[in-house]
Every structure is written in structure tokens, then in C-alpha cells.
Amino acid sequence: MKRFWSWMVFGVCLPLVLNGQGSLRDSSISMTLVVPSFAIQAPLGDLKDRFGLSSSLGLNVIYKNKSRWFLEAQGCFIFGSDVKQPGLFSNLVTSQGEIIGTDGKFADVRVFERGYYLTLGGGKMLTSSKPNPNSGFFISGGVGYIRHKIRVEDKEKVVPAVREDYAKGYDRLTSGFCLRQSAGYIYIGNHRLVNFYCAIEAMEGFTQSRRTINFDEEKGDTQKRIDVLMGVRIGWILPIYKAAPEKYYLY
């Protein structure tokens with residue numbers, strides 16, 4: 001992961017040195033786009049049996065050249081509260097379906113979805129539109145790494161069986177190689193103030209469990225999974241580029 005972020009920083013800094021001067025209004029120019037974003041994502045494939053709708057906070061760093069091709073690095077944090085994993089605490093609950101804490105009362109044990117994915121890739125702006133040739137529809141794709149798990153939270157800290165290292169027996173930690181595809185629209189204003197990004201995004205993870213045993217099932221999970229996320233991502237763009245020099249004419 002450290003190597004990924006090192007390359008992301010490199011990808012931001014290098015274009016600042018290489019960007020050529022040009023007129024934003026009337027030509028496609030080289031620029032770096034830093035895009036903090038938010039997405040709502042629906043699970044498909046094997047993932048829908050474990051989680052429901054989730055949200056994602058992301059950061060895209062895009063370097064676009066004059067020919068409207070671009071390189072892209074993306075990192076996204078996944079979070080949600082709709083966990084569907086059946087029988088997750090079946091070895092701990094009473095006949096009433098509750099967990100008893102060390103204080104003799106019903107415990108408040110909560111579960112959440114947590115994860116992230118990191119990708120590197122590229123794409124192409126297919127069309128140009130107003131207010132300048134640096135805006136338009138695009139397609140992109142990438143490859144990377146995805147990781148997700150069930151976060152177990154013992155609110156009152158009265159159930160030692162689900163805390164600290166014991167939580168690993170219930171968290172279903174899963175990871176693996178992933179593919180990403182996006183199609184959307186980039187808008188770059190003429191004055192760097194109004195800039196936005198919107199896209200339909202798909203993510204396919206080819207994953208498997210990273211835990212040796214699930215305590216509730218009393219066995220390990222060797223299933224190969226295809227975890228899919230499909231959603232809509234919107235973001236604000238910070239464009240970084242050199243402005244064309246002012247021209248003066250003598251008569």
C-alpha cells in the first residue's frame with residue numbers, strides 16, 4: 001500500500017513539471033486533476049449475500065495529456081451498516097437471539113461493513129464540450145487490490161469473545177485482485193472554480209477469505225469469490241496546470 005501512495009504522489013508532482021503551457025479556453029492542454037469524491041454502491045455477485053447498500057469516499061489523481069488520454073490512480077474507502085451475513089454469532093447467542101455480556105445483561109454488539117480498494121489505470125476523453133475542450137465524456141479502467149471485512153463493535157465492552165483478536169474469528173476478512181471500469185463526464189471551468197466529476201463505476205473483485213477459521217462455523221472458508229460493486233460517483237475537481245502567458249501586440 002505504501003508503494004501505491006508513493007506512486008500516486010509521484011503522479012501528482014510529475015505533471016507539474018511536465019505540463020506545457022496552453023490556452024484552456026480553446027485547446028486541450030496537459031493537466032493534473034485531483035478529485036475527492038463520494039459514491040453510493042450496490043453489491044452484486046457474492047458480495048450481495050454479505051452486505052447491502054454501501055457508501056464510498058475516494059480520491060482520484062488523473063494526469064490528462066493534450067491528446068485527451070489520461071493515467072489515473074484511485075483509492076476508495078468503503079463503509080456501510082447493512083450486514084447480511086447469516087448466523088454470524090450463532091455460537092454466542094441465546095435461544096432468544098441475544099448475546100449475554102459479562103454484566104449479565106443483553107449486550108449491544110453491532111456490525112458494520114468496512115473496506116477499501118486501490119487501482120491504477122487509464123482512459124480516454126471521448127468528446128469535448130463547453131466551456132472548453134478539456135471537458136467531456138470519458139471512459140476508463142484499471143486494475144488493483146480490494147479488501148473488505150465485517151467490523152464488530154462491542155459498544156459496552158462486555159463481550160470479550162468478540163473483542164480484539166477474537167473479533168478476527170467473525171470479521172470475514174476478504175481480499176484479492178480487482179478490476180474497475182468507469183464511464184462519465186468531466187467538467188473543467190475556465191476559471192478553476194466550478195469543476196466536477198460524475199461517473200457510473202463498476203468494481204469486480206476476485207477474492208477469498210484471509211482468516212484460517214470462522215468461529216461461528218467452526219471451520220475455514222476456502223470459497224473463491226467474485227465480489228462486485230456497482231454505483232454512481234460524484235466529485236469536485238482541483239485542476240492543476242500552467243496558464244498560457246499573456247500576449248501583447250505592438251502597433
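Notes on the structure in this doc start here. Computed from a predicted structure; not experimentally measured. (Residues numbered from 1 in each chain as written. Predicted model: local features only at pLDDT ≥ 70, side-chain atom pairs only at ≥ 80, totals over all residues. Heavy atoms only, no water.)

**Remarks on the pattern of salt bridges**
With the rule as written, the count across this model stands at 11 salt bridges. Between Arg151 and Glu153 there is a salt bridge; the shortest N-O distance is 3.9 Å. Here Arg151 falls in the partly exposed class, since its relative accessible area comes to 39%. The exposure class of Glu153 is partly exposed, given its relative accessible area of 26%. What emerges from the salt-bridge pattern is a single network uniting Arg172, Asp216 and Glu217. (Salt bridge = Lys/Arg side-chain N within 4 Å of Asp/Glu carboxyl O. Buried < 20%, exposed > 50% of the residue type's maximum accessible area, 1.4 Å probe, protein only.)

**Focus on the nonpolar core**
Within the largest apolar cluster, 21 residues are counted, with the highest numbers of intra-cluster contacts made by Phe89, Val109, Tyr117, Val152, Val159 and Val162. Elements supplying a minimum of two residues to this core: strand 3 (69-80), strand 4 (109-125) and strand 5 (136-154). With 15 residues, the next largest nonpolar core counts Leu24, Ile62, Met125 and Tyr197 among its residues. (Core = buried A, V, L, I, M, F, W, Y, C linked by side-chain atoms within 4.5 Å. Helix = DSSP H or I, 4+ residues; strand = E, 2+ residues; numbered from the N terminus.)

**Some words on the side chain of Ser28**
Take Ser28: it is sitting in the loop between helix 1 (2-18) and strand 1 (31-45). Judged by relative accessible area, which is 16%, Ser28 ranks as buried. Within the structure, the side chain of Ser28 is placed 3.0 Å from the side chain of Lys64, a separation counted as a polar contact. A distance of 3.0 Å separates a polar side-chain atom of Ser28 from the backbone oxygen of Lys66. Among all residues touching Ser28, those that are not within four sequence positions of it are Lys64, Asn65, Lys66, Arg68, Pro133 and Asn134. (Polar contact = N/O pair within 3.5 Å; in protein donor to acceptor, adjacent residues only side chain to side chain. Contact = heavy atoms within 4.5 Å.)

**Observations concerning the packing of aromatic side chains**
Applying the stated rule across the entire model yields 10 aromatic pairs. Relative to Phe79, the ring of Phe77 lies with its centre 5.7 Å away and its plane at 20°, an arrangement referred to as stacked. A residue is classified by how much of its surface remains accessible, and Phe77, at 39% relative accessible area, is partly exposed. Taken together, a centroid distance of 6.2 Å and an interplanar angle of 25° make the contact between Phe177 and Phe206 stacked. Of this pair, Phe177 sits in strand 6 (residues 174-188) while Phe206 sits in strand 7 (residues 195-209), and the two are 29 residues apart along the sequence. Assessed through its relative accessible area of 44%, Phe177 is described here as partly exposed. (Phe/Tyr/Trp six-rings, centres within 6.5 Å; stacked < 30°, edge-to-face > 60°.)

**Remarks on the pairing of strand 6**
Taken together, the 13 bridges between strand 5 and strand 6 define a ladder with antiparallel strand orientation. Within strand 6, the position partnered with Gly144 by the bridge is Cys178. Bridge count for strand 6 against strand 7 is 15 bridges, and the pairing is antiparallel. Bridging from a neighbouring strand, Gly184 pairs with Ala199 of strand 7. (Pairing = 2+ DSSP bridges.)

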